[in-house]
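Close look at the chain arrangement
Residues per chain, in single letters:
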Amino acid sequence: MEMIICGGDSKECSLIEESVNDYYRDKNIPCQIRHCGDWQGLSRQIKEKTADAIIVAQDGVSGLDIITGLRIASGRMIWFSDLDFSIQAYRLCVFYFDMKPISHEKVIQALKRIETI
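The residue numbers shown here count from 1 along each chain, following its written sequence. Under the rules for a predicted model, residues below a pLDDT of 70 receive no local features and side-chain atom pairs below 80 are neither given nor counted, while totals for whole chains, interfaces and linings still include all residues. To obtain the side-chain values, all non-hydrogen atoms of the structure were used and water was disregarded.

1. Some remarks on the overall build of the chain
Under the convention used in this document: Labels follow the DSSP assignment, with helices taken as runs of H or I lasting at least four residues and strands as runs of E lasting at least two, numbered in each case from the N terminus. Atoms counted for the radius of gyration: C-alpha only. Globule rule: 2.2 Å times the number of residues to the power 0.38.
In terms of helices and strands, the chain carries five helices and five strands. Each helix and strand of the chain, placed in order from N terminus to C terminus, yields the pattern β-α-β-α-β-α-β-α-β-α. On C-alpha atoms alone, the chain measures out to a radius of gyration of 13 Å, which is about the 13 Å that the 2.2 N^0.38 rule sets for 117 residues. With respect to the principal axes defined by its C-alpha atoms, the chain has extents near 35 × 30 × 30 Å.

Written out as structure tokens, the structure reads:
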């Protein structure tokens, strides 16, 4: 499993990474996680190597800019934001959206949901 975490807060990114590792370790699935902090970094990461899923954890319009800038049709996108962008997430075909604060349980729930794709 290849994942990219695009986040601006190191504590949130660490929590997400720990949750992802726990989830896939319990399933005996190897998981590689790459990190970036903004749209340009994420775009570069995707061009270098595709990912099975992308987790965006950005506050405010920064997260919306990343999601709209990607235009990924895979559907394996998880988005956490401090603002309620649920309608925009739906319109942009983001498979899982939730509001911050990020918790272990929210990340696990998101990962379970994207398995259904």
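2. Some details on the nonpolar core
Put simply, the rule is: Nine residue types can take part in a nonpolar core, namely buried Ala, Val, Leu, Ile, Met, Phe, Trp, Tyr and Cys, and a core is a set of them joined through side-chain atoms within 4.5 Å. To sort residues, take the accessible area from a 1.4 Å probe on protein chains only and compare it with the maximum for the residue type: under 20% means buried, over 50% means exposed, and anything in between is partly exposed. When checking whether two residues touch, look at their non-hydrogen atoms; a contact exists if any pair is within 4.5 Å.
Judged by nonpolar contacts, the single largest core of 21 residues is most densely connected at M3, I16, V20, I55, I78, F80 and L111. At the level of elements, β1 (2-7), α1 (10-26), β3 (53-57), β4 (77-81) and α5 (104-114) are the ones that each hand at least two residues to this core. Not counting the four nearest positions on each side in its chain, I55 is found in contact with M3, I4, I5, C6, I16, V20, I78 and F80. By size, the runner-up hydrophobic cluster in this structure holds 16 residues, among which are I4, L70, M77 and V94.

3. Some details on helix α3 (residues 60-70)
Within α3 the residues assigned to the buried category are G60, G63, L64, I66, I67 and L70. Contacts from the buried residues of α3 go to β1, α2 (39-48), β3, β4 and α4 (86-91).

Keep in mind these values describe shape, not function.
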